[in-house]
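Understanding the architecture of this molecule
One letter stands for each residue in the lines below.
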Amino acid sequence: MNRTPSGLRSHSQKPAGTLVPGLVALLASLAAAQAQDRVKPYAVVREAIPLSLTGKPGDPARGRAIVANRQVGLCLLCHSASIIPEEQFQGDLAPDLAGAGSRWKIGELRLRIVDAGRFNANTIMPAYYKTGGLTRVGSSFAGKPILSAEQIEDVVAYLATLREVKK
Amino acid sequence: MTAARRIFHILHAASLPACAAAICILSLAAAPLRAGDIPLNQRQSGYDTMGRDTRAMQDDDTANPATLWLLDGEALWSKKEGAAGKACADCHTDAATSMKGVAARYPAFNTKQNKPLDIEGRINNCRTEHQQAQPLPFENKDLLALTAYVARQSRGMAIAPPPENMQPVVDQGRAIFEKRQGQLNLSCAQCHDDNWGRKLAGSAIPQGHPNGYPLYRLEWQSVGSLQRRLRNCLIGMRAEGYALGSPEYVALEAFLMWRARGMKMESPAVRP
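Small disclaimer: the values here were computed from a predicted structure and weren't measured. (Residues numbered from 1 in each chain as written. Chains lettered and ligands numbered in written order. Predicted model: local features only at pLDDT ≥ 70, side-chain atom pairs only at ≥ 80, totals over all residues. Heavy atoms only, no water.)

Observations regarding the interface of chain B and chain A
Listed as interface residues are 21 residues of chain B and, on the opposing side, 26 residues of chain A. Overall, the association of chain B and chain A removes approximately 2,000 Å² of surface from exposure, summing both partners, and the carbon and sulfur fraction of that is 54%. At the boundary of chain B and chain A, one finds zero salt bridges. Our count for the chain B to chain A interface comes out at 14 residue pairs in polar contact (both at pLDDT 80 or more). For the side of chain B that touches chain A, the per-class residue count stands at seven nonpolar, eight polar and six charged. (Contact = heavy atoms within 4.5 Å. Buried area = accessible area lost by both parts, 1.4 Å probe. Salt bridge = Lys/Arg side-chain N within 4 Å of Asp/Glu carboxyl O. Polar contact = N/O pair within 3.5 Å; in protein donor to acceptor, adjacent residues only side chain to side chain. Nonpolar A, V, L, I, M, F, W, Y, C, P; charged D, E, K, R; others polar.)

Brief notes about the packing of helix 3 (residues 60-68) of chain A against helix 7 (residues 149-160) of chain A
All names here are of chain A. Where helix 3 meets helix 7, the axes come as close as 7 Å, and the angle between the chain directions of the two elements is 100°. In terms of orientation, helix 3 and helix 7 fall into the roughly perpendicular class. Of the residues in helix 7, those in contact with Pro60, Arg62, Gly63, Arg64, Ile66 and Val67 of helix 3 are Gln151, Asp154, Val155, Ala157 and Tyr158. In terms of residue class, the contact of helix 3 with helix 7 is built from six nonpolar, two polar and three charged. (Axes fitted to C-alpha atoms, helices over the stretch in contact; angles between N-to-C directions. Helix = DSSP H or I, 4+ residues; strand = E, 2+ residues; numbered from the N terminus. Parallel < 35°, antiparallel > 145°, perpendicular 65-115°, else oblique.)

Examining helix 5 (residues 66-77) of chain B
Residue and element names in this part refer to chain B. Over its 12 residues, helix 5 runs 16 Å from end to end, which matches the ideal 16 Å to within 8%, given 1.5 Å per residue. Taken together, the buried positions of helix 5 are occupied by Ala66, Trp69, Leu70, Gly73, Leu76 and Trp77. Mapping the buried residues of helix 5 onto a view down its axis gives an arc of 125°, with all of them on the same face. In helix 5, those exposed residues whose orientation departs by more than 90 degrees from the buried face are Leu68 and Ala75. Buried residues along helix 5 sit against helix 6 (88-92), helix 7 (95-98), helix 9 (141-152), strand 5 (215-217) and strand 6 (222-224). (Expected span 1.5 Å × (residues − 1). Buried < 20%, exposed > 50% of the residue type's maximum accessible area, 1.4 Å probe, protein only. Arc of directions from axis to C-beta.)

Some words on the nonpolar core
Counting 60 residues, the largest nonpolar core has Leu53, Val67, Tyr128, Leu147, Ile152 and Leu159 of chain A together with Phe177 of chain B as the members making the most contacts within it. Looking at this core, the elements with two or more residues in it are helix 3, helix 4 (75-78), helix 6 (106-115) and helix 7 of chain A together with helix 10 (167-178), helix 11 (188-192), helix 12 (226-236) and helix 13 (247-259) of chain B. Those residues within four positions of Leu53 of chain A in sequence are excluded, and the remaining contacts are Tyr42, Arg110, Val114, Tyr129, Ala149, Ile152 and Glu153 of chain A. Judged by nonpolar contacts, the second largest core, of 24 residues, contains Tyr106, Ala151, Met257 and Met263 of chain B. (Core = buried A, V, L, I, M, F, W, Y, C linked by side-chain atoms within 4.5 Å.)

Some points on the packing of aromatic side chains
All names here are of chain B. Counted by the stated rule, this structure contains seven aromatic pairs over all chains. Judged by centre distance (5.4 Å) and plane angle (90°), the ring pair of Tyr242 and Tyr249 falls under edge-to-face. By relative accessible area, Tyr242 is classed as buried at 10%. For Tyr249, a relative accessible area of 0% gives the class buried. Ring geometry for Phe255 versus Trp258: centroids 5.7 Å apart, planes at 25°, classification stacked. Residue Phe255 and its partner Trp258 are both found in helix 13; the two are separated by three residues, about one turn of the helix. Grouping aromatic residues by their ring pairs yields a cluster made of Phe177, Phe255 and Trp258. The aromatic ring of Tyr47 is capped on one face by Arg55, whose charged end is 5.7 Å from the ring centroid. (Phe/Tyr/Trp six-rings, centres within 6.5 Å; stacked < 30°, edge-to-face > 60°. Lys NZ or Arg CZ within 6 Å of the ring centre and 35° of its normal.)

Looking at the sheet that holds strand 5 of chain B
Taken in spatial order, the three strands of this open sheet run 6-5-7 (chain B), and their pairing is mixed. With one partner strand each, in any of the chains shown, strand 6 and strand 7 (270-271) of chain B form the two edges of the open sheet. (Pairing = 2+ DSSP bridges.)

Structural notes on unusual backbone geometry
For the bond from Tyr106 of chain B to Pro107 of chain B, the omega torsion is 0°, close enough to zero to count as cis. Relative to the helices and strands, Pro107 of chain B is located in the loop between helix 7 and strand 1 (108-110).

Regarding the domain arrangement of chain B
All names here are of chain B. In terms of domains, chain B is made up of domain 1 (3-58 + 161-271) and domain 2 (65-152). The partner domain 2 presents 21 residues to the 23 residues of domain 1 that form the contact. The contact between domain 1 and domain 2 buries some 1,800 Å² in all, and 76% of this surface belongs to carbon and sulfur atoms. In terms of surface lost to domain 2, no three residues of domain 1 exceed Pro214, Val223 and Pro268, which account for 25% of the buried area on that side. For the pair domain 1 and domain 2, the number of links is zero salt bridges. At the boundary of domain 1 with domain 2, the tally comes to two residue pairs in polar contact (both at pLDDT 80 or more). When residues of the side of domain 1 that touches domain 2 are traced back to their parent elements, those giving at least two are strand 6, helix 12 and helix 13. (Domains from an automatic or database assignment.)

Encoded structure:
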């Protein structure tokens, strides 16, 4: 896959129009996808992952967008989230995410997203940063975690802002 | 007593020696439920949980879009096909009598081929063997129409418990049903046994019974097969689908029919 755009163009007489920029974008996104493929090692200390997976803090605003997006975070398939009222179709298979940041320390939230199965082996909550131990993963998802380390840090940063409101 | 009621009755009485003959016939049906299985008296069709409008659409043949497929199926039933120049009707005459109850006891074991066949597989078997025609590809409009037409002849009938020779297939289907798969690492059972009635995003999770297939799904804007539904669920789990027509799907279908034994056939149903 190391053909250059000009190399591609030389194969056809007519200019390929929008096809070539499209291909370039596709190749770039493939490269990005490959970069996020690998799950980097992390340390679990007392039911938590104390250190950021990226070495940097995440961005809560981006995290909120990931949680709200049923195709990206998938969280609202199962969880309700009264703090995201604009999303209509929320699941009720799992606890409301409101107040999660009061219930758990940031390292605990991180481990829950990375591998919820560590808390409850039978949980339906998927492990978001795991590629091993899975069966028959769809070919377009094979070898990839559900979210990248960056995305997980964003989600964790957002969850940490969700404080129980004292009445 | 309706047929469905009768089967429940026999199941409840299964420990009585007087029912020995019935137990023999229903040995698979009487197999004890395992932890996590839905108790027989708590089972409900997808019909029971869908909205009033969708139910009304299913209840009225003139409003049910699947009726168009049924009409096609009826025409295809009498159409001569293949090198043998025979129609289904030439061998089976009137579908209303010859096909009555057939879909309620499929998939069935075909001893000649030494494998289980679902209705689609059986239709294709008749095409190649008796009509000397090409098998129809899965989800092909004619195959859906014929399958819907055959299944229609069992509407209202109780799903028959699978016979003894289907036991290994049913077991294989159960193993697939309970296996966690895909990037989301979910099993069919986690949704359809453990969480039915709850909401996955906007949709209520049904118990996942096969009693309405093939059916018209509003989301598809088409009639689709049970295998298409199963493939959709696998895609949702981000798991690799099996090839349509593969033994894995037939085994899942057989397990789902076992799981739904005694429930009423609704084909062709309507679902959201």
